[in-house]
Amino acid sequence: MHPLRLTVNGKPHDLEIDPRVSLLDLLRENLSMTGSKKGCDHGQCGACTVIVNGRRINSCLSLAVTHEGDDVTTIEGTADGEALSPLQAAFVKHDAFQCGYCTPGQICSATALLDELKRGEPSVVTKEKVELVDEEIRERMSGNLCRCGAYNNIVDAILEVAEART
Amino acid sequence: MRPFSYSRVADDKAAVAAAGAQNAKFLGGGTNLVDLMKHEIERPETLVDVSRLPHEEIEQTESGLRIGAAVTNSALAADAVVREKYPLLSTALLSGATQQLRNRATTGGNFLQRTRCQYFYDTQRACNKREPGSGCDAIGGLNRFHAILGASENCIAVHPSDMAVAMVALGADAETVLPQGGVRTIPADALHRLPGDTPHIDHQLAQGELITHVVLHKAPQYQMYRKVRDRSSYAFAVVSIGIAFDLLEGHFMKIRIAFGGVAHKPWRAARAEEVLEGKAPSRALFEEAADAELAEAKGQGDNDFKIPLMRRLIVASLTEMTSAQEKAA
Ligand SMILES: Cc1cc2nc3c(=O)[nH]c(=O)nc-3n(C[C@H](O)[C@H](O)[C@H](O)COP(=O)(O)OP(=O)(O)OC[C@H]3O[C@@H](n4cnc5c(N)ncnc54)[C@H](O)[C@@H]3O)c2cc1C
Ligand code: SF4
Ligand code: FES
Ligand code: FES
């Protein structure tokens with residue numbers, strides 16, 4: 001067992017864990033926060049995406065012990081009480097899901113994406129400067145698969161929030 | 001996953017000392033190692049976490065950059081100097097994996113990621129890399145993604161990294177700390193090895209040897225990275241190419257070319273470079289260079305298409321890079 005202190009959605013935790021536990025399993029099993037989903041458990045689908053210290057990562061490929069002192073945000077921490085975040089509201093408005101299994105990962109991913117845009121970070125399709133076009137959003141969201149194929153509406157929802165922000 | 005002990009170390013000395021333990025492995029972002037540990041393909045008894053070593057800086061040197069091994073792939077790709085002076089590297093990084101993975105993946109770990117050969121991953125199948133002496137199910141099997149250069153009768157796997165191809169094309173050097181103390185510098189193109197009779201060994205580093213930095217030298221004037229893949233995003237390269245050169249009075253100077261997706265290591269196209277160096281660009285010359293490099297290329301069946309594909313990629317990339325120049329002249 002290994003000691004681990006980290007903050008999840010603003011709440012500090014002081015734990016003892018097996019070093020084999022992934023951050024995803026820590027959230028779901030130890031902390032009973034089942035918003036983050038396990039799709040593949042191998043870094044291939046993005047359903048487990050959470051935000052660590054402001055950056056989105058696949059929590060399934062990250063050992064929880066490596067997150068000493070980290071600040072983790074999950075889907076449970078995105079809304080402000082009952083008030084949806086702008087992205088959550090846009091997903092509802094644009095019907096950006098069907099079964100909803102990929103949605104927590106999509107929203108965490110898109111939340112961090114908005115900050116990446118704000119910092120002017122490039123993607124592989126960026127020319128000189130980031131432009132808010134479909135292609136940019138699609139490339140930046142390619143790590144989040146949706147078996148229901150809600151991609152068009154997901155892109156519309158994210159673009160709307162991104163445009164409102166600039 | 002097999003049990004292991006985990007430790008976080010504060011400096012290089014502690015890292016290499018801890019890695020002297022039985023079957024120890026360094027842990028970077030874990031995006032490859034943790035995946036392989038889940039499959040029990042990697043079974044380390046000790047994990048030494050080097051992701052928080054003080055190697056998270058990108059320093060400017062007199063002529064280039066010195067990149068800490070713990071710098072993430074996304075930080076490196078977004079660095080203003082890298083984008084401006086080494087677009088080849090930035091593009092290669094951004095064309096690999098996804099933002100979520102790049103946010104964790106480190107410069108050191110990316111170099112040493114293991115092959116994506118599906119038989120290496122499938123523990124029910126024969127694989128000399130995973131289980132030395134067991135055979136190779138990729139030979140005569142499904143081998144669309146496999147090697148056309150430098151393969152052996154024991155292994156035809158390819159190295160999957162985009163970043164490493166860029167590092168070879170840019171003539172980067174890796175700096176390491178040896179387990180017994182002392183440091184060494186290894187050119188990026190000498191870091192990995194061909195499979196030969198020992199395909200279970202991917203690279204030249206000793207057990208417990210730690211990559212601390214990667215050094216980039218003076219930025220070449222012309223650079224390009226191109227990746228050919230089955231989907232436009234989030235897919236490993238079928239083949240890729242990194243090219244860097246200067247032009248002196250319309251002639252290639254210090255040209256370096258590296259291929260991805262064709263061999264057990266990022267493939268330095270030394271024969272093509274030799275044909276091109278000092279010459280003026282022309283389509284005939286590009287074709288001659290491609291033919292020289294691919295003279296010994298050998299398909300495995302499913303991947304035969306990679307030979308003409310690579311040939312066209314070489315010619316098209318060099319044409320695109322030099323045509324802007326021609327128009328200006
Ligand atoms: C779904 C998926 C898609 C991907 N697509 C691509 C792609 O298109 N292109 C691409 O290039 N890559 C791709 N990758 C691979 C990804 O780039 C690598 O997993 C990543 O770069 C590895 O870095 P890491 O820090 O996480 O390494 P780790 O997983 O932490 O380590 C990898 C290896 O390096 C060793 N190591 C780590 N740091 C050091 C050091 N400082 N010194 C010595 N040894 C060290 C470890 O012991 C281990 O053997 C993909 C991965 C996934 C899961
Ligand atoms: S090609 Fe190499 S990695 Fe793939 S099955 Fe054969 S020995 Fe294993
Ligand atoms: S569950 Fe983590 S990427 Fe699929
Ligand atoms: S909404 Fe069903 S997987 Fe995306």
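Residues numbered from 1 in each chain as written. Chains lettered and ligands numbered in written order. Predicted model: local features only at pLDDT ≥ 70, side-chain atom pairs only at ≥ 80, totals over all residues. Heavy atoms only, no water.

Moving on, we get to the packing of aromatic side chains. All names here are of chain B. All told, the structure shown has 4 aromatic pairs over all chains when counted by the stated rule. Measuring from centroid to centroid gives 6.0 Å for Phe120 and Tyr121, while their planes differ by 85°, and the two rings are edge-to-face. In this structure, Phe120 and Tyr121 share a single accessibility class: buried. Taken together, a centroid distance of 6.3 Å and an interplanar angle of 55° make the contact between Phe252 and Phe286 tilted. On the criterion of sequence distance, the pair formed by Phe252 in strand 11 (residues 251-260) and Phe286 in helix 11 (residues 283-294) is long-range, its members being 34 residues apart. Using a relative accessible area of 0% as the deciding quantity, one classes Phe252 as buried. Given the relative accessible area of 2%, Phe286 is considered buried. Ring pairs connect the aromatic residues Tyr222, Phe245, Phe252 and Phe286, which therefore count as one cluster. The aromatic ring of Phe145 is capped on one face by Arg144, whose charged end is 5.4 Å from the ring centroid. (Phe/Tyr/Trp six-rings, centres within 6.5 Å; stacked < 30°, edge-to-face > 60°. Buried < 20%, exposed > 50% of the residue type's maximum accessible area, 1.4 Å probe, protein only. Helix = DSSP H or I, 4+ residues; strand = E, 2+ residues; numbered from the N terminus. Lys NZ or Arg CZ within 6 Å of the ring centre and 35° of its normal.)

So, about the environment of Gly301 of chain B. Looking at the secondary structure, you find Gly301 of chain B in the loop between helix 11 and helix 12 (306-328). As for Gly301 of chain B and Ile139 of chain B, which are separated by 162 residues in sequence, their C-alpha atoms are 9.0 Å apart.

Another aspect to go through is the confidence of the model for chain B. In this model, chain B carries an average pLDDT of 97, and 98% of its residues clear a pLDDT of 70 or more. The complex model carries a pTM of 0.98, and its ipTM stands at 0.98. (pLDDT = per-residue confidence, 0-100.)

Looking down a regular strand, the side chains alternate between one sheet face and the other. Residues and elements named next belong to chain B. As paired elements, strand 4 (residues 58-60) and strand 5 (residues 65-68) share 3 bridges and run antiparallel to each other. Note that in strand 5 the partner of Gln60 across the bridge is Leu65. Counting the residues between successive antiparallel strands, the hairpin from strand 4 to strand 5 contains 4 residues. (Pairing = 2+ DSSP bridges.)

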